[in-house]
Amino acid sequence: MSAVEYSPGETRIGFVGLGIMGEPMARNLMAAGFDVTVHNRSREAVDRLVTAGAKPAGSPAAAAAAADVVIVMLPDAADVRAVVLGENGVATALREGGLLIDMSTISAGVTRELAETLERQGVRMLDAPVSGGQQGAVDAALTIMVGGREPDFERARPILSMLGAKVTLIGECGAGQVAKACNQVIVAGTIQAVAEALTLARHSGVDPEHVRDALLGGLAGSKILEVHGRRMLDDTFEPGFKTRLHHKDLGIALEAATEAGVPLSTTALVRQFLGSLIATGDGDADHAALARVVERLSGSDEARESR
Ligand code: NAP
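Residues numbered from 1 in each chain as written. Predicted model: local features only at pLDDT ≥ 70, side-chain atom pairs only at ≥ 80, totals over all residues. Heavy atoms only, no water.

With that settled, the discussion passes to the pattern of salt bridges. Applying the stated criterion across every chain yields a total of 20 salt bridges. The partner of Arg27 in a salt bridge is Glu23, with the nearest N and O atoms 3.0 Å apart. With Arg27 and Glu23 both in helix H1 (residues 22–31), this residue pair falls four residues apart, about one helical turn. Overall, Arg27 belongs to the partly exposed group, its relative accessible area being 33%. A salt bridge links Arg292 to Asp282, with the nearest nitrogen and oxygen atoms 3.1 Å apart. Linking Arg292 in helix H13 (residues 290–297) with Asp282 in the loop between helix H12 (265–279) and H13, this pair joins segments that are ten residues apart in sequence. On the basis of relative accessibility, which here comes to 13%, the residue Asp282 falls in the buried class. Each of the salt bridges in this network shares a partner with another, and the network as a whole consists of Arg12, Asp68 and Arg95. (Salt bridge = Lys/Arg side-chain N within 4 Å of Asp/Glu carboxyl O. Helix = DSSP H or I, 4+ residues; strand = E, 2+ residues; numbered from the N terminus. Buried < 20%, exposed > 50% of the residue type's maximum accessible area, 1.4 Å probe, protein only.)

Looking at the secondary structure, you find Ile191 in helix H8 (residues 175–203). Taking the C-alpha atoms as reference points, Ile191 and Arg271, 80 residues apart in sequence, are found 12 Å from one another. Residues within four places of Ile191 in sequence aside, it is in contact with Ile224, His228, Met232, His287, Ala288 and Leu290. (Contact = heavy atoms within 4.5 Å.)

Attention shifts here to helix H10 (residues 223–234). The first and last C-alpha atoms of H10 sit 16 Å apart over twelve residues, in line with the 16 Å expected at 1.5 Å per residue. Looking only at H10, the buried set comprises Ile224, Leu225, His228, Gly229 and Met232. Viewed along the axis of H10, the buried residues span an arc of 110°, placing them on a single side of the element. Among the structural elements, H8, helix H9 (208–215) and H13 are those in contact with the buried residues of H10. Downstream of H10 by a residue or two, Asp235 has a phi angle that is positive, lying close to 50°. (Expected span 1.5 Å × (residues − 1). Arc of directions from axis to C-beta.)

The next thing to look at is the nonpolar core. By size, the foremost hydrophobic cluster in this structure holds 35 residues, and its most contacted members are Phe15, Ile101, Met103, Ile144 and Leu160. Contributing elements (two or more residues each) for this core: strand S1 (12–16), H1, strand S2 (35–39), helix H2 (44–51), strand S4 (69–72), strand S5 (99–102), strand S8 (142–147) and helix H7 (150–160). Residues within four places of Leu160 in sequence aside, it is in contact with Ile101, Met103, Ala128, Ile144, Val146, Phe153 and Val167. One finds Ala57, Val110, Val123 and Met125 within the second-largest nonpolar core, a separate group that totals 23 residues. (Core = buried A, V, L, I, M, F, W, Y, C linked by side-chain atoms within 4.5 Å.)

It is common to give the size of an interface as the accessible area that goes away when the parts come together. Split into domains, the chain comes out as domain 1 (12–173) and domain 2 (179–297). Inter-centroid distance (C-alpha atoms) of domain 1 to domain 2 is 28 Å. The interface of domain 1 with domain 2 comprises twelve residues on the first partner and eleven residues on the second. The tally of links from domain 1 across to domain 2 stands at zero salt bridges. Counting every contact that joins domain 1 to domain 2 gives four residue pairs in polar contact (both at pLDDT 80 or more). (Domains from an automatic or database assignment. Polar contact = N/O pair within 3.5 Å; in protein donor to acceptor, adjacent residues only side chain to side chain.)

Our focus in this paragraph is the side chain of Gln184. You can see Gln184 is positioned in helix H8. Judged by relative accessible area, Gln184 falls into the buried class, the value being 4%. Other than its neighbours up to four places away in sequence, Gln184 contacts Phe241, His246, Asp249 and Leu250.

Looking at the ligand, there are 27 residues lining it, with Met21, Asn40, Arg41, Ser42 and Leu74 nearest. Ser42 is positioned with one of its side-chain polar atoms (N or O) 2.5 Å from an oxygen atom of the ligand. Contact between the ligand and Gly240: a nitrogen atom at 3.3 Å from a main-chain N or O atom of the residue. Contact with the protein chains hides 87% of the accessible area of the ligand, taken as 900 Å² for the molecule alone. Listed by contribution, the elements that provide at least two residues to the shell around the ligand are helix H4 (77–85), helix H6 (133–138) and helix H11 (243–260). (Near = heavy atom within 4 Å. Areas by Shrake-Rupley, 256 points an atom, 1.4 Å probe, with all protein chains shown as cover.)

With that out of the way, let us pick up H1. The buried fraction of H1 is high, at eight of ten residues. The set of residues buried in H1 consists of Gly22, Glu23, Pro24, Met25, Ala26, Asn28, Leu29 and Met30. One or two steps after H1, the chain reaches Gly33, where phi turns positive at roughly 105°.

Next up, the structure:
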């Protein structure tokens, strides 16, 4: 254990980005006893957290000025860049020796750029993207994949362990984002496979409900068949994880794959289907809405009958 480990009761945390994931994560840090100052672009989540005991900040800089550690949980690289390096950004106020933990999913390349910029002013950075979704954030049961230096990771462990059930240092700066890209490749391919299987069952005249139940006990059983399969059967796609964010994540994976010279053919195809959902107005639907694409590609009942 390090003497300078961040601990509840002593460490002040600035938290920027209070969406589906950020708001419950900030709540868990408050429940653990950390002193939390919050900022978000829109105001509602800030007000809810202030009612629960957080301090409000009018800008990322104001959140950072009151903090030893700043956590950001934002949609994309452009948002993280703006919040960290922009006008009234975190970098203008986070003191030397401070730590930025970026828990958003962005590319490893942008992560390394940000870390180098911050390092020049004596601020350290960890990339710590997560898996586990909204429920994992609420239950503090996230899987957290960390990139950065080991001493920074050890100092931050008491914070991260209040947010996740499995916290792993993967490697150097950017390695957490590479692990997250790998995660999103597996999740996308599996959702697509579940969508295809359940659509196949339905159009073969077999109840997909029974197929899902049976398969959950075998080799094809998975959390995605359970959770996303349920959403597909109910045709309810409240996020969850927004289609547009998974489309963004697969873009990150494909960029990394191009650099590494690895062909990700399934990932490229599923990204096209996610893009089609965005184009038809389902960008904010849960990514299980991939079932809608498979359904559309399967044609109408009339068309099938006239085959
Ligand atoms: P989200 O619900 O869209 O929340 C993002 C939040 O960031 C919003 O509250 C937004 O404010 C705020 N924001 C955006 N730009 C800002 C700025 N310039 N200054 C201050 N606040 C700003 O997204 P999310 O689902 O929580 O996802 C956040 C990150 O976690 C993404 O990178 C995503 O890929 C990743 N992730 C999500 C899940 C999931 O299941 N949702 C799971 C794992 C990882 P507004 O209210 O004004 O829009």
